[in-house]
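Per-entry structural report
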Protein chains: 4
Amino acid sequence: MAEKMRAVVKTKPAPGADWREVSIPKILPDWVLVKVRATSICGTDVHIYKWDPWAQGRIGEKRLPQTLGHEVAGEVVEVGAHVKRIKVGDSISAETHIYDPGDLTALLGSFHVGEHMKILGVDCDGAFAEYFAVPESVAWVNDKSIPPELATIQEPMGNACYAVLGEDADVAGKTMVITGDGPISLFAVAVARACGVAKIILIGKYDFNMDLGKRLGADHLLFTNKSTADERYQFVRDHTGGNGVDIALEMVGSQDSIVDCFRMVRKAGRVTAFGIPSSSPLPVDYSAGIVFKGCQIHGINGRKMFDTWYRNRNLLAAGRINVCPVITHMFSLEDYTKGFEAMTTRPRASAKVVLFPDPAELAAAKKRCGID
Amino acid sequence: MAEKMRAVVKTKPAPGADWREVSIPKILPDWVLVKVRATSICGTDVHIYKWDPWAQGRIGEKRLPQTLGHEVAGEVVEVGAHVKRIKVGDSISAETHIYDPGDLTALLGSFHVGEHMKILGVDCDGAFAEYFAVPESVAWVNDKSIPPELATIQEPMGNACYAVLGEDADVAGKTMVITGDGPISLFAVAVARACGVAKIILIGKYDFNMDLGKRLGADHLLFTNKSTADERYQFVRDHTGGNGVDIALEMVGSQDSIVDCFRMVRKAGRVTAFGIPSSSPLPVDYSAGIVFKGCQIHGINGRKMFDTWYRNRNLLAAGRINVCPVITHMFSLEDYTKGFEAMTTRPRASAKVVLFPDPAELAAAKKRCGID
Amino acid sequence: MAEKMRAVVKTKPAPGADWREVSIPKILPDWVLVKVRATSICGTDVHIYKWDPWAQGRIGEKRLPQTLGHEVAGEVVEVGAHVKRIKVGDSISAETHIYDPGDLTALLGSFHVGEHMKILGVDCDGAFAEYFAVPESVAWVNDKSIPPELATIQEPMGNACYAVLGEDADVAGKTMVITGDGPISLFAVAVARACGVAKIILIGKYDFNMDLGKRLGADHLLFTNKSTADERYQFVRDHTGGNGVDIALEMVGSQDSIVDCFRMVRKAGRVTAFGIPSSSPLPVDYSAGIVFKGCQIHGINGRKMFDTWYRNRNLLAAGRINVCPVITHMFSLEDYTKGFEAMTTRPRASAKVVLFPDPAELAAAKKRCGID
Amino acid sequence: MAEKMRAVVKTKPAPGADWREVSIPKILPDWVLVKVRATSICGTDVHIYKWDPWAQGRIGEKRLPQTLGHEVAGEVVEVGAHVKRIKVGDSISAETHIYDPGDLTALLGSFHVGEHMKILGVDCDGAFAEYFAVPESVAWVNDKSIPPELATIQEPMGNACYAVLGEDADVAGKTMVITGDGPISLFAVAVARACGVAKIILIGKYDFNMDLGKRLGADHLLFTNKSTADERYQFVRDHTGGNGVDIALEMVGSQDSIVDCFRMVRKAGRVTAFGIPSSSPLPVDYSAGIVFKGCQIHGINGRKMFDTWYRNRNLLAAGRINVCPVITHMFSLEDYTKGFEAMTTRPRASAKVVLFPDPAELAAAKKRCGID
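Reading the values: the criteria
- The written sequence of each chain sets the order in which its residues are numbered from 1.
- Just so you know, chain letters begin at A and ligand numbers begin at 1, following the order they were written in.
- Per-residue local features of the predicted model are confined to residues with pLDDT of at least 70, and side-chain atom pairs are confined, for both listing and counting, to 80 or more; whole-chain, interface and lining totals are unaffected and use all residues.
- To get the side-chain values, take all heavy atoms of the structure and skip hydrogens and water.
- Strand pairing follows a simple DSSP-based rule, namely that at least 2 bridges must link the two strands.
- Helix numbers and strand numbers start at the N terminus; a helix is a DSSP run of H or I with at least 4 residues, a strand a run of E with at least 2.
- Boundary definitions for the domains trace back to an automatic or database domain assignment.
- Summed over both partners, the accessible area lost on bringing two parts together, with a 1.4 Å probe, is the buried area.
- The term salt bridge refers to a side-chain nitrogen of Lys or Arg lying within 4 Å of a carboxyl oxygen of Asp or Glu.
- Pairing of aromatic side chains here covers Phe, Tyr and the six-membered ring of Trp, requires ring centres within 6.5 Å, and sorts the geometry by plane angle: under 30 degrees stacked, over 60 edge-to-face, intermediate tilted.
- Exposure is judged per residue with a 1.4 Å probe applied to protein chains only, and the accessible area is read against the type maximum: over 50% gives exposed, under 20% gives buried, and values in between give partly exposed.
- Copy-to-copy alignment: least squares on C-alpha atoms, limited to residues at pLDDT 70 or above in both.
- Contacts between residues were defined by any pair of non-hydrogen atoms, one from each residue, lying within 4.5 Å.
- Within 3.5 Å is the distance limit for a polar contact, defined as a pair of N or O atoms, with the added protein rule that one can donate a hydrogen and the other accept it, and that residues adjacent in sequence qualify only through two side-chain atoms.
- Residues are grouped as follows: Ala, Val, Leu, Ile, Met, Phe, Trp, Tyr, Cys and Pro are nonpolar; Asp, Glu, Lys and Arg are charged; all remaining types, including Gly, are polar.
- Inter-axis angles, ranging from 0 to 180 degrees, are taken between N-to-C directions of lines fitted to C-alpha atoms, where helices are fitted over the stretch in contact.
- Any angle from 65 to 115 degrees is called roughly perpendicular, while one under 35 is roughly parallel, one over 145 is roughly antiparallel, and all others are oblique.
- Rotating anticlockwise by less than a right angle from the far helix to the near helix defines a left-handed crossing, while the corresponding clockwise rotation defines a right-handed one.
- One fewer than the residue count of a helix, multiplied by 1.5 Å, yields its expected span.

Here we take up the sheet that holds strand E4 (residues 66-67) of chain D. Within a sheet, adjacent strands bond to each other through the backbone by hydrogen bonds, running parallel or antiparallel. Residues and elements named next belong to chain D. With respect to topology, three strands assemble into an open sheet ordered E2-E1-E4, the strand pairing being antiparallel. At either margin of the open sheet sits one strand with a lone partner, and together these are strand E2 (18-23) and E4. Judged from the two bridges that link them, strand E1 (residues 4-10) and E4 form a sheet pairing that is antiparallel. Bridge assignment links valine 9 to a residue of E4, and that residue is threonine 67.

Listed below in structure tokens is the structure:
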């Protein structure tokens, strides 16, 4: 096998990233090496690309150079000596939360949160490359019927699935507010629709993305830039028999969105806290929004291993859910700068951007998804 | 108001029922009187109509004459002096399990099972009539957008909803076997499909009904008269990665169907026990099917008050679920004998039969559903 | 029966309350009239007694005069014409949240929170009287083995039970922080201990009450006036293998206590939000405390009808839990001012104060509890 | 380190076992080698010792010789090259269900049941020896405060904990029937008592063991050899307000015990199916016992990894539970024949038998537990 590969690498503590030749990763005995077929850009990658304060604090200069990226699908080309369940030739995606098996949360089955968690492409080299390596423990074998552009987005779709289902997966026939018009909010609309949520009210801002939300199954669109908080609240009350929604998914992390969600959820309802505020602590209406409402809040971070993977794979393989419209852009991996540009342009007119190391794979995917 | 009405009455301890003029029910202070718009025939009605051993034992000669029927939708025309939440003019359906508020189960929120439960049309006069009466406590206000032929079938659809969702409502993205091709099994297919079950394997017998199952969303059909138990088992294993299904709904009550379900469910899966065997006790593979499998069995009887009503109403009102194909026959209430005939002919070529006291209502419903 | 009774009545919009002769309540057809055997003082009563801004806003001048009190046990002396399950002679306690059966929450089984909830002694005449009236729907029949001084405190003990158990009742063998040293926090210690919580860390302030906490089963006491937030946090980490507690009960409502709880709970743990801040919104560490922690917050208000009543009755009747130490003071009802004084003196040296209309009942209770 | 050790080995397909010198196990890179401090005899060991039909079928002649035993506690003396969380010197117990990480159940977090499960001492060499080896994945680090005789019984106590708590751990303040008087039933009594079960009715046979049940916390004892099924049923109804128990633990596996449990559980209650019938299928009252009762059955096999370990450790380390009385016999490992004799003598007068390779350890344990 070759020893070198091309990768998108953060080389210095400044905005941007370089297209570099680097060594193909060496794997540990319980790791697997994977040839990338498709990889996609997450908001986290944008933070690192921009080298914003979060990235500076979390990654820091000392760990550079480091390869970006964590949403990925590929084919296993090598397995370590003590790998047990993954085989060369398997099509896998990476659960990007590399857990420490000694964490109490891991011992108790909550693998996705832990004191000593590492994240692919954040705490170690990532997947914007021709090859990447991960521990077997977080490798998920894909159904062969799922094409690489969908296999790679199972990771953010898993966030959405977990956010929609919460800890109890009790959503059938219920009503839901989803805030945000970024890719995970849009995935959430699709998952909610596929899983029997009976009324989906999407709250966002950008026409292009909100239109995607409509196509994916949202029943009502509320625009934050065209309505007041009171108007949005009233709309939700009017469309839920005066009660508010059973479930509110906070997926933006802004003060306004948090206020919306805690007002809009009905008594004894559920709020998913998924969005991450840029500053915290922040004001929450603790009395009226939590205590007197008797509601539950589920802090959702990552994806349940491998519960959400299993559900999403089943839904995708059976054609129960069509998330193709969320993929708005596809590029060759080498053209990653175009991808970051699409992600950051405002007014927003993109959702998920998928990158392909192999131009033939890119062409085939474009054809499947009808992207020009 | 008139004092007399027409009703389908069991007058003597023998097969059949009579079309009789009887008094319109007098209501108690916490009861409501309802003008019937649509009512539908349940298997329980067939037992009573035939006056089989179960009906003889449960109802007995002494309580006759008694009006049949419990699946129903109508408009409230009178409310008792102490009725609190139902108003004249409300469109309601009846939750047919009239609970005793003093039962421990009722005090703990499991209203649908109780030591002193009474069932409409079984333990008291029912709804195959121009008017019927029920306690306010079991009256469910319908969404006005739901037409009467759908409003009446919310009751058996509620059984199906509860059977599919079980106690935890955790079905999204999972795989499921459903046994039986009667109306509740068919409703279960529709609910499962609407609520994100990713693979639905329907096991039944009659071509006409199995074809309905396919239209309602079943992915695979297994015919008990064209396959052995081992072949069915192998099929399920082959279509679930060798594991068996996450959830098996036993909705027939036959020995063969029970065997199928306990074999087909995967380890740590769930079996819904809904079908009622004609004789019990019966042999169950307790070791391999329950203990070593580490599975859960949910005994499902009735509908959760009003959890399943709420979910079904939301799904129906939003058009998320199309159960019209399950309604295979519509007749004037006066033609109830045609309805019972459709229900009992074999090979089976009917699912749900809806009856209408008012011919104009019948005509409108036929038009809506495209039934000739 | 007599037509007049003595009661503790808020007569004017100012601090205090009067010992008045008033009419015995007339009951509605679905209400019951109860002769009070014991009644106890809640923090809410103190708010009303003091006529603080909350009381002024919630009750207002127009509704005066109004009888105070809601924690109560007594004997049913009259039942309305349509009462079904309660009989004259029953020993009952009042679930003080009088729900509206038309609320969606009530229809879905969450009777304790609702849009149109009324609270005994807050929104209508209460139980600091010789007689009081409640709807049958919220009357809980006591086990005859439970003496009146314990029967009356089942209401706040029910708050504690619900706070400890949360929505899922999953506490066995887990670790827990409980904040506050008021009566409900102390009840929570006792419930937690009885229900198998394996480590209980009580965070409070007043020596007298903290000592009660120790007697009721707390393993560790942390004094907010003798430690910094960091010291408390470190203590909890040191005593939970560095992870934090599985469950944190916030029962104070102060900013400091909320901060403590969200820091001290472990990843994927549970916070009970029970305490009511004096002002809200207030700052919450939303990112680190909720989202990244992947924790659940259960807003707890009232008691699950009648789930927590059932559990507490069973625990009390079986002698599994000894909450007598929480009752620090007993007085004749006529001496209610002494009760309010005990409740409000600082440094705090009281927990639950029970009042008895009948001096003989008072004497017997004092003897049973060893109170002088 | 020495290369040879002494062990209790099944050498031939016939009753009994031999005290043999064998090689100390070689460990795989992800396994650990453990010096045994205490090991205890399970019913499964008795099956193998007797070489009954189950043992003949499950183990078979070809795999002999094989070391018996799986309940164990010891000190880690060597770790494989890829072991991550266990260190030499750790005190560990073995979760004896060695799961296959590729099983769907394992991927979904139900590690304790799986298609390709292996059991220590059943499917490979066990722990009745001076040393044993297990994969790190099933090694549980003990709290140092737990002495070896308690550390070894955490495994069967884990069965009991899982059986008592079921899948939801919702037992606080509830009523429970426990059938059987063997060690796991007795542990279940202790766990139920520690975790707030408010009424415990133990159904068994042998005076000696039933007396232990009383000491461990059972409220009522019902003897199967001194009562009819109807008398037992009536007793349970009389002591549960006529409803039956909230939860029934079937821990015997006999037809009579299964009948008892399905009759005694109340409507909407829970049955734990833990006991393994000697022959299956067997008759179950499917209609009345499951469907119409609307109850849940939880098939319980093994222990939740590591949920039940965590809870039990916390309860033991905190002194919340005293299971010492269940340990009725202690012997030197070399005297294992005395242990098997104590386990098999009838009338039964033993519960848990603990064996110690080191005589000094035996002496110390006897002293701690007051065993002569």
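The structure having been displayed, the exposition proceeds.
Bringing the domain arrangement of chain A into the picture now. All names here are of chain A. Its domain assignment divides chain A into domain 1 (4-153 + 323-369) and domain 2 (160-299). One C-alpha centre belongs to domain 1, the other to domain 2, and the line joining them spans 28 Å. Where domain 1 abuts domain 2, roughly 1,200 Å² becomes buried across the two surfaces, and 76% of that area is made up of carbon and sulfur atoms. The largest contributions to the domain 1 side of the interface with domain 2 come from Pro325, Val326 and Arg348, which together make up 45% of the buried area. For the pair domain 1 and domain 2, the number of links is one salt bridge.

Moving on: the packing of aromatic side chains. How two aromatic rings sit relative to each other is set out by the distance from centre to centre and by the angle between their planes. Residue and element names in this part refer to chain D. Scanning the model with the defined rule gives 26 aromatic pairs over all chains in all. The interplanar angle of 50° and the centroid separation of 4.8 Å between the aromatic rings of tyrosine 99 and phenylalanine 111 together place this pair among those described as tilted. With a gap of 12 residues between them, tyrosine 99 in the loop between strand E7 (97-98) and helix H3 (104-107) and phenylalanine 111 in the loop between H3 and strand E8 (118-119) connect regions that are remote in the sequence. Taken as a pair, tyrosine 99 and phenylalanine 111 share a single burial class, namely buried. Ring centres of tryptophan 140 and tryptophan 309 lie 6.4 Å apart, and the angle between their planes is 40°; this geometry places the pair in the tilted category. Of the two residues, tryptophan 140 sits in strand E10 (residues 139-141) while tryptophan 309 sits in helix H11 (residues 307-317), which places them 169 residues apart along the sequence.

Before going further, it helps to spend a moment on the relation of the copies chain C and chain B. Overlaying chain C with chain B gives an RMSD of 0.0 Å, the required rotation being 180° about an axis along which the chain moves by 0.0 Å. Within this description, the copies of the chain are treated as partners about a two-fold rotation axis. Identified as the residue of chain C closest to the rotation axis by C-alpha distance is glycine 109 of chain C, at 3.0 Å. Of the residues that chain C buries at the interface, 100% are likewise interface residues in chain B, meaning the two copies contact each other through the same surface.

With that settled, the discussion passes to the interface of chain C and chain A. At the interface, 41 residues of chain C touch 41 residues of chain A. Here chain C packs against chain A, burying approximately 3,500 Å² in sum over the two surfaces, 60% of which is carbon and sulfur. Counting the surface chain C buries against chain A, the share from its top three residues, Glu115, Tyr286 and Val291 of chain C, is 18%. Notably, a salt bridge pairs arginine 237 of chain C with glutamate 115 of chain A, separated by 3.5 Å at the nearest N-O pair. Counting the contacts that link chain C with chain A gives 11 residue pairs in polar contact (both at pLDDT 80 or more). Among the elements of the structure, helix H3 (104-107), helix H9 (255-264), strand E15 (265-273), strand E16 (282-284), helix H10 (286-291) and strand E17 (296-299) of chain C are those that each provide at least two residues to the side of chain C that touches chain A. A class-by-class count of the residues in the side of chain C that touches chain A yields 21 nonpolar, 12 polar and eight charged. Pairing of strand E17 (residues 296-299) of chain A with E17 of chain C, which is carried by three bridges, proceeds in the antiparallel orientation. Paired with histidine 298 of chain A across the strands is glutamine 296 of chain C, a residue of E17 of chain C.

Residues and elements named next belong to chain A. At a closest axis distance of 9 Å, the pairing of helix H6 (residues 183-194) and helix H7 (residues 207-216) adopts a crossing angle of 15°. Relative to H7, the element H6 lies roughly parallel. Where H6 crosses over H7, the two elements pack in a sense that is right-handed. Residues Leu186, Val189, Ala190 and Arg193 of H6 touch H7, and the partners they reach there are Asn209, Leu212, Gly213 and Leu216.

Among the structural elements, aspartate 372 of chain D can be located in the segment after helix H13 (359-369). Given a relative accessible area of 87%, aspartate 372 of chain D falls into the exposed group.

Let us now look at the pairing of strand E1 (residues 4-10) of chain C. Residue and element names in this part refer to chain C. With five of its seven residues buried, E1 lies for the most part within the structure. By the bridge criterion, six bridges tie E1 to strand E2 (residues 18-23) in an arrangement that is antiparallel. Within the sheet, the bridge partner assigned to methionine 5 lies in E2 and is valine 22.

Owing to its 3.6 residues per turn, the α-helix aligns residues three or four sequence positions apart on the same side. All names here are of chain C. Spanning 12 residues, helix H6 (residues 183-194) covers 16 Å between terminal C-alpha atoms, matching the ideal 16 Å at 1.5 Å per step. For H6, a buried count of 11 out of 12 residues is recorded, marking the element as mostly surrounded by other parts of the structure. Buried within H6 we find Pro183, Ile184, Ser185, Leu186, Phe187, Ala188, Val189, Ala190, Val191, Ala192 and Ala194. At the C-terminal side of H6, glycine 196 shows a positive phi close to 85°.

Time to look at the sheet that holds E2 of chain C. Ordered in space as E2-E1-E4 (chain C), the three strands form an open sheet in which the pairing is antiparallel. The sheet is open, and its two edges are formed by E2 and strand E4 (66-67) of chain C, each paired on a single side.

Another aspect to go through is the interface of chain C and chain B. With 16 residues of chain C at the contact, the number on the chain B side is 16 residues. Interface area, chain C with chain B, both sides summed: about 1,500 Å², of which 75% is carbon and sulfur. Across the chain C-chain B interface, the total number found is two salt bridges. Close ionic contact of lysine 84 of chain B with aspartate 30 of chain C constitutes a salt bridge, the shortest N to O distance being 2.7 Å.

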